[in-house]
Amino acid sequence: MTQWWRDAVFYQVYVRSFRDSDGDGVGDLRGIIDGLDYVQSLGVDALWISPCFTSPQVDHGYDVADYRDIDPLFGSLADMDDLVAQAHRRGIRITLDFVPNHTSDRHRWFQQAVAAGRGSAERERYLFRDGRGERGELPPNNWMSVFGGHSWTRVPEPEGAPDGPAQWYYHLFAAEQPDLNWRNPEVVAEFEDVIRFWLDRGVDGFRIDVSDALMKDPDFPDTDGGWPVIPKHPDGEVHEVYRRFRKVFDSYLGDRMAVIETGADDETVAGFIRPDEMHLAFNFRFVKAGFDAGHLREAIDSSLAANARVGAPTTWVTDNHDTPRSVGRYSQGTQLLGSYVPATTAAADFDEARGLQRARAMALLLLALPGAVYIYNGQELGLPNVDDLPESALQDPVWEKSGRTNRGRDNCRIPMPWTAAGPSFGFSTAAQTWLPMPADWGRFAVSAQEGEPSSMLELYRSALRMRRLLPALGRANVEWVDSPEAVLRLRLNSDGEAVEVLLNTSPAPVPLPAGRVLLASADVSAGSLPSDASAWVQVAQ
Ligand code: BGC
Ligand code: MG
C-alpha cells in the first residue's frame, strides 16, 4: 500500500469562493475544473472540496438534504464526475466533505420524522425527546447550540398522534441542522452506503465534519453553562462507527482515506486515527498556536508524540473556512482561543505587512514538517481577513443565530481574486459576488503574483516544488537543535541529506547555520535570518 495521504499536500476548495463559471456570483464545480491548471501549477496532491451536495444552504452546504446529489447552485453529478476525471488525469486526487452529525431539516428523513409523530421509527433516526414541564412546553435540557441560542426545537404533533408531552429535537448547530441518532444501526448503514456511492464514482476520500460529536450522552443531563456532554472515551461507541467506515474504505482499491475534524486534545484526536479507524486528523492545536515559538513547539511535539503512539502521521494546517485568516491572526501573534467560531480580529489592530511576513515564515514551517499539509484556497495568495464587511452583507448563520453578537466566519470566505482588474477580479463574470470583494483585492490576484519572485504565490510554488524533490522535507523525523527561546530550529535528516528549518519570532535577526540556503521567506543575503522570517538551509550531516 502506498498510503499517499501520509505526506500529501491537500488544497481546500471552498466551492462558493474559488471560481464561478456561470456568472451567478457563486463559485461552482465547473469553476473548479477551470481552475485545475492553476491547482496543478501549485503542485498540490489532492483537493478537499467543501460541501456541494443538495442543500438549502442555511449553513452553506453543511446542511445536506440529499447526500447523493449535487446542489444545482454548484452544478450536477455529471460535473462532479467530470471534475474527478479531469483532476485524476492531472494526478490530483479528490476528497469530498462528509457531514454525518446532522442533516438538513429538508432531508427526506427529517420530514418523515416530523410527519410520523412521537414513538415512530422515523423519529428514532434523530434525537427527539419529550419536553419538560406539564405538557412538555420546556426544552428537554439546558444545552446550548454552538451557533448560539438553544439546541432544542419543538415540533407540532401530527393530527391523530397519541397524546403526550410536546416533543423537541436536538441540534448541536442551527435548528435547520437536526442531529442524527448514531446509536440507530439504520443511520450507520445509510452513511456506509453514502460513502460507497462516492467511492464508486472514483472519489479518493473524505473530510469528516464534526467527527467526534456523533454520540451525545443519551440521558441529556443538564450541565453547568449548557455545554453538551459528548462522551470522549477511547473505546466509546463513536469509535465503532469509524471502525465500520474503515472497513468500507478498505474494501476499495486505491488507498481511499478520510481526515477527521475534531477540536479535542491530541490524545483524544489520536484515538480516531488508530490503524482500524480513520487516516488523518486536522491538527487544530497547530491552527491555534499563533505566531509564537513556544506554543508552536509545544503543538508540534505534542501532536507528533500522540500520533506516533498510534502509528498515524500528523497534519499541518493554519487556515480553513471556519477560522480568521492567518495573515490577520499572525499580525498580532496571538493564540486563537476557544472554538472554531471565533470573534473576528479588530480591523484597526491589523498590520498587513507584518501579518504577511509571518504567514510567509509559517508557510515554510508547514511544508517542512513531517506529515500531510492542508492549504486553504487564498492562503497561497496571502489573502488577509476581511473584517469590515457591512452588516447587511453578512451571510454566515452565526451572525443571526448569535443574536448578532458574533459576526461569524464570512471574514475568511471572500471570493478569490484571479486577475488584477475586471468585474470581481476574474472570480466571476458578474460584478456582484455572494460576499462582496474589497475594492483593492486585485493586489492579491493570481495574475498580479504570478512570476513575481517575492510574492506569496511564488513562495508556495517554490516550497512545494522543493518538497517534492527533497525527501527530508515533509517526511523526516524532527530533531530539535538548541536555539534561543523565540527561535525554532529543527533538523530533518534523510538519505544522507540534512535540512535545517529556522523560524525567527524574535524582534532581532539571528545567525543562519553554515550551509546552503534552499529557500527563505525574507531577504537573507546579509547572512542572517530577519525577525518574522524562516529559512530552509541544507547543512552537512
Ligand atoms: C464546519 C463548519 C460547519 C459546522 C456544522 C464544522 O465543523 O467546518 O463550517 O458550520 O461543522 O456542520
Ligand atoms: Mg456559479
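Residues numbered from 1 in each chain as written. Chains lettered and ligands numbered in written order. Predicted model: local features only at pLDDT ≥ 70, side-chain atom pairs only at ≥ 80, totals over all residues. Heavy atoms only, no water.

A. A look at the environment of Arg 468. Mapped onto the elements, Arg 468 comes out in helix α15 (residues 456–469). Separated by 310 residues in sequence, Arg 468 and Pro 158 have C-alpha atoms that sit 61 Å apart. Discounting residues that sit within four places of it in the chain, Arg 468 has contacts with Gly 43, Val 44, Asp 45 and Arg 475. A distance of 3.1 Å separates a polar side-chain atom of Arg 468 from the backbone oxygen of Gly 43. (Helix = DSSP H or I, 4+ residues; strand = E, 2+ residues; numbered from the N terminus. Contact = heavy atoms within 4.5 Å. Polar contact = N/O pair within 3.5 Å; in protein donor to acceptor, adjacent residues only side chain to side chain.)

B. A look at the pattern of salt bridges. All chains considered together, the criterion is met by 44 salt bridges. Arg 285 is the salt-bridge partner of Glu 298, the closest N and O atoms lying 3.6 Å from each other. Separated by 13 residues along the polypeptide, Glu 298 in helix α10 (residues 293–310) and Arg 285 in helix α9 (residues 284–288) bring together distant segments of the chain. The network of salt bridges with common partners includes Asp 235, Glu 240, Arg 243, Arg 274, Asp 276 and Glu 277. (Salt bridge = Lys/Arg side-chain N within 4 Å of Asp/Glu carboxyl O.)

C. Expanded view of the site of ligand 1. Taken together, 14 residues form the shell around ligand 1, and within it Asp 59, Asp 209, Glu 261, His 321 and Asp 322 come nearest. Here Glu 261 contributes a side-chain N or O atom positioned 2.5 Å from an oxygen atom of ligand 1. Note that an oxygen atom of ligand 1 is positioned 2.5 Å from one of the side-chain N or O atoms of Asp 322. For ligand 1, whose free accessible area comes to 310 Å², the fraction covered by protein is 100%. For the shell around ligand 1, the residue count by class is 5 nonpolar, 2 polar and 7 charged. (Near = heavy atom within 4 Å. Areas by Shrake-Rupley, 256 points an atom, 1.4 Å probe, with all protein chains shown as cover. Nonpolar A, V, L, I, M, F, W, Y, C, P; charged D, E, K, R; others polar.)

D. Looking closely at the sheet that holds strand β1 (residues 9–13). What the 8 strands build is an open sheet, ordered β11-β10-β9-β5-β2-β1-β13-β12; its pairing is parallel. Two strands close off the open sheet at either side, each with one partner strand: β11 (280–281) and β12 (315–317). Sheet topology note: the strand β9 (residues 205–208)/strand β10 (residues 257–260) ladder contains 4 bridges and is parallel. Across the sheet, the residue bridging to Phe 206 is Ala 258, located in β10. Packed on one face of the sheet, helix α4 (residues 77–89) meets β2 (46–49) and β5 (93–98) and runs near 140 degrees to β5. (Pairing = 2+ DSSP bridges. Axes fitted to C-alpha atoms, helices over the stretch in contact; angles between N-to-C directions.)

E. Broad picture of the sheet that holds strand β6 (residues 128–130). Taken in spatial order, the 3 strands of this open sheet run β6-β8-β7, and their pairing is antiparallel. One side of each edge strand has no neighbouring strand; the edge strands of this open sheet are β6 and β7 (152–155). Put simply, the sheet's adjacent strands are angled 40 degrees from each other on average, direction ignored. In the sheet, β6 pairs with strand β8 (residues 167–170) via 3 bridges, with the strands oriented antiparallel. The residue bridging Phe 128 from the neighbouring strand is Tyr 169, located in β8.

F. A look at the pairing of β5. Along β5, 5 of the 6 residues are buried, which leaves the element largely enclosed by surrounding structure. One ladder, built from 4 bridges, connects β2 with β5; its direction is parallel. Paired with Ala 46 across the two strands is Arg 93, which belongs to β5. Note that β5 and β9 share 4 bridges and pair parallel. Along β9, the bridge assignment pairs Thr 95 with Gly 205. (Buried < 20%, exposed > 50% of the residue type's maximum accessible area, 1.4 Å probe, protein only.)

G. How the structure looks around the confidence of the model for the protein chain. Residue-level pLDDT values for the protein chain average 95, and 97% of them are 70 or greater. Within the model, pLDDT remains below 50 along residues 339–344, and this stretch shows 20 contacts once partners closer than five positions in the same chain are excluded. (pLDDT = per-residue confidence, 0-100.)

H. Helix α5 (residues 108–116), seen in detail. If you check which residues of α5 are buried, you get Trp 109, Phe 110 and Ala 113. The buried residues of α5 occupy one face: seen down the axis, they fall within an arc of 95 degrees. As for α5, its buried residues are in contact with β6, β8 and α6 (185–200). Looking one or two residues past α5, Gly 117 carries a phi angle of roughly 85 degrees, positive in sign. (Arc of directions from axis to C-beta.)

I. A look at α10. For α10, spanning 18 residues, the distance from its first C-alpha to its last is 26 Å, which sits close to the expected 26 Å at 1.5 Å a residue. Every buried residue of α10 is listed here: Ala 293, Leu 296, Ala 299, Ile 300, Ser 303, Ala 306, Asn 307 and Val 310. For α10, the N-terminal capping position is held by Asp 292, with its side-chain oxygen 3.0 Å away from the main-chain nitrogen of Gly 294. (Expected span 1.5 Å × (residues − 1).)

J. Structural view of the domain arrangement of the protein chain. Along its sequence, the protein chain is carved into domain 1 (4–103 + 185–460), domain 2 (108–170) and domain 3 (477–539). Each of domain 1 and domain 3 was reduced to a C-alpha centroid, and the two centroids are 29 Å apart. Contact with domain 1, which involves 20 residues of that partner, is made by 21 residues of domain 3. Summing both partners gives a buried area of about 1700 Å² for domain 1 against domain 3, and 72% of it is carried by carbon and sulfur. The largest per-residue losses of area from domain 1 upon contact with domain 3 belong to Ala 293, Arg 297 and Leu 364, which jointly make up 32% of the total buried on that side. Of the charged contacts in the structure, one is a salt bridge between Arg 358 and Asp 532, with a shortest N-O distance of 3.0 Å. Counting only elements with at least two residues in the side of domain 1 that touches domain 3, the list comes to α10 and α12 (352–366). Broken down by class, the residue content of the side of domain 1 that touches domain 3 amounts to 14 nonpolar, 1 polar and 5 charged. (Domains from an automatic or database assignment. Buried area = accessible area lost by both parts, 1.4 Å probe.)

K. Quick peek at the side chain of Gln 12. Considering the arrangement of structural elements, one finds Gln 12 in strand β1. Every residue in contact with Gln 12, bar those within four places of it in the chain, is listed here: Trp 48, Asp 319, Asn 320, His 321, Ile 375, Tyr 376 and Asn 377.

L. Highlighting the packing of aromatic side chains. The final tally for this structure, using the stated rule, is 34 aromatic pairs. Note on Trp 182 and Phe 245: the rings are 6.0 Å apart at their centroids and 80 degrees apart in plane angle, and the pair reads as edge-to-face. Residue Trp 182 is found in the loop between β8 and α6, and its partner Phe 245 is found in helix α7 (residues 237–250); the two are separated by 63 residues along the sequence. The burial state of Trp 182 is the same as that of Phe 245; both residues are buried. Relative to Trp 198, the ring of Phe 197 has its centre 4.9 Å away and its plane inclined at 85 degrees; by these criteria the two rings are edge-to-face. By way of ring pairs, the aromatic residues Tyr 67, Phe 98, Trp 182, Phe 191, Phe 206, Tyr 242, Phe 245, Phe 249 and Phe 272 are connected into one cluster. If you follow Arg 16 out to its NZ or CZ, it ends over the ring of Trp 434, 4.6 Å from the centre. Positioned above the aromatic ring of Phe 128, the side-chain terminus of Arg 123 is 4.6 Å from the ring centre. (Phe/Tyr/Trp six-rings, centres within 6.5 Å; stacked < 30°, edge-to-face > 60°. Lys NZ or Arg CZ within 6 Å of the ring centre and 35° of its normal.)

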